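# Close look at the chain arrangement
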Amino acid sequence: MSYLSILTNEYIEIIQLSLYVSVFATVLAFLFSLLLSSYLLLNNFRGKGFILLIVNSLMSLPPVVVGLFLYIIFSNSGVLGFLDILYSPTIMIIAQFIIITPIITSLLYTIFENKFHEISEYMSSLNASRGKIINTIILETRFDLVIVSMTGLGRALSEVGAVIIVGGNISNISRVMTTSIVLETSRGELELAMYLGLSLIFIAIIINLIIFLIKRVYL
Amino acid sequence: MKIRYNNLLLLIIIFFSLNSHSSEVIIQSTTSTRDSGLYKYLLPKYPKYDSLVIKTIAVGTGQAIRNSKNCDGDLLIVHDEKREKQFMKQGYGIKRHILMYNDFIIVGPSNDPADIRKSLSPDEAFLKIYTKKSNFVSRADSSGTNAAEKKIWDAAKIDPRIFSGSWYFETGQGMGQSLNIAISLNAYTIVDRSTWIKFSNKQNHSVLFSNKKLMQNPYGLILINPDKCPDNNYLQAKLLFDWLSSESTKLLINDYTIANNQVFFTY
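Residues numbered from 1 in each chain as written. Chains lettered and ligands numbered in written order. Predicted model: local features only at pLDDT ≥ 70, side-chain atom pairs only at ≥ 80, totals over all residues.

## A closer look at the overall build of chain B
Keep this limit in mind: Numbering of helices and strands runs from the N terminus; a helix is a DSSP stretch of H or I covering at least four residues, while a strand is a stretch of E covering at least two. Think of it as a crowd count around each C-beta: if 20 or more other C-beta atoms lie within 10 Å the residue is buried, if 12 or fewer it is exposed, and in between it is partly exposed, with C-beta placed from the backbone throughout. Each residue is represented by a C-beta atom placed from its backbone, and any two residues with such atoms within 7 Å are regarded as in contact.
Across its full length, chain B carries eleven helices and eleven strands. With the C-alpha coordinates aligned to their principal axes, the bounding extent of chain B is approximately 70 × 55 × 40 Å. Per-residue burial for chain B yields a buried fraction of 43% across its 267 residues. Across chain B, contacts joining residues at least 24 apart in sequence account for 76% of those joining residues at least 6 apart.

So, in structure tokens, the structure goes:
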């Protein structure tokens, strides 16, 4: 079997859905994390350490646990079952959002904190407002932010444990690259599974190449 | 900051409006029927196929039953008579129909180290595997195939789980994954014929024992009770149930072949 022969409509749709779900989840997680880590950076309050502890711990949350947790909640007999989103791309986006938000938040907070220490004296001499401080930090760390979001996207794209439970791996509806690799392996179609895996790597290379080019143009 | 909040809200709204479930039927099914390719062949022949979204979720029988009890399916297709009857008795199903059957077979390394080829019954074959301590892979995932395997061990009066990890390997995975493991461990395993025919990574393994009478594998189709699951799409599910159990569908099922082998039979 040649690599080109698997490029049927079905596989193109699988790749499109993979990208749609993971990019959507990454954008949402990134925006949420940006707000959360900015808030944590600029405000000191009781329990802040505790929140950071929880966020850091959630980084090691196994995706399959997230999947199970969401299944129980969004199952028709669960509390949010009435929303009717089980076995749809929506719940897959939610699952990936939950998996990657702690990772992005934790990385962003670390980056922001380091930058903050670097510029805090200068900023206080200027009597800068909090909005001004965070704008400066974001502007100066923008390339790190791109890397962080790519880390999140990579994690989302490669995840399988959660999406196979909540998405159900339904052909044309919720089948993404990782779940179809699981399926083809279970059918004993090891070559096809391997080709899908290679396509996943290929996509990762393209994304990273784009980042590399952006960096070269703007730096 | 304010603008960002608004964007987020907008995204969330888009997010939830992406799902329209006007007409959708969910089938909770075993992996073997999905892997056989039967649904891909059969379902598009349903007259209302174009106006209906049919979602088939392929999991082990145990999980399919559990999901259906949670009302996450409108139809259930599984293969474990005992648990199907229990399911009906508990009131989760309103109608049950034996959709079709095939048979279980014992596959293993072609040189047949435990010499089971000439066995007269499946329990004799299992006894030989036990005596020779030949490797055996069990799915151990409370699937229908796993239930059939347990029945044979019981008939042979052997409890293989005592030997779990020495020559009896419990994978806890689906049929295909377990076959991949059996092949690399040179192990025997039990599998339904349709999955075996469709399976591509056979390598050095072949069918060593089969008996259509003693190892029959009937698939039950169950319509979920709307009293237990009022939010289910009972109306569409019942129409599909009726079509699947009709005489014309029986002909279609009997016509389905993989590599010129008939895969499923109807009563």
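## Some points on unusual backbone geometry
One non-glycine residue with positive phi stands out, namely Asn172 of chain A, at about 70 degrees. Structurally, Asn172 of chain A is set in the loop between helix 7 (161–166) and helix 8 (177–186). Backbone geometry places Asn186 of chain B, a non-glycine residue, at a positive phi of 55 degrees. Among the structural elements, Asn186 of chain B can be located in the loop between helix 8 (175–184) and strand 7 (188–192). When the 15 C-beta atoms within 10 Å are taken as the criterion, Asn186 of chain B is described as partly exposed.

## Describing the interface of chain B and chain A
As a measure of interface size, the accessible area lost when the parts come together is often cited. Filter applied, for reference: In the scheme used here, Gly and all other residues not listed as nonpolar or charged are polar, with Ala, Val, Leu, Ile, Met, Phe, Trp, Tyr, Cys and Pro taken as nonpolar and Asp, Glu, Lys and Arg as charged.
Chain B puts 27 residues into the contact, and the matching count from chain A is 22 residues. Secondary structure elements with two or more residues in the side of chain B that touches chain A: helix 1 (2–17), strand 2 (53–58) and helix 8 of chain B. Classifying every residue of the side of chain B that touches chain A gives eleven nonpolar, ten polar and six charged.

## Remarks on helix 4 (residues 61–69) of chain B
Residue and element names in this part refer to chain B. Rules: Each C-beta atom gives one direction from the helix axis, and the arc is the one those directions make.
Taken together, the buried positions of helix 4 are occupied by Thr61, Ala64, Ile65, Asn67 and Ser68. Burial along helix 4 is one-sided: seen end-on, the buried residues are contained in an arc of 160 degrees. One or two residues past the end of helix 4 sits Cys71, with phi positive at roughly 65 degrees.

## Regarding the pairing of strand 7 of chain B
Residue and element names in this part refer to chain B. What counts here: Note: two strands are recorded as paired if DSSP finds a minimum of 2 bridges between them.
Among the five residues in strand 7, five count as buried, and that is most of the element. Where strand 5 (residues 136–138) and strand 7 come together, two bridges link them in parallel fashion. For Val137, the partnering residue across the bridge sits in strand 7 and is Thr189.

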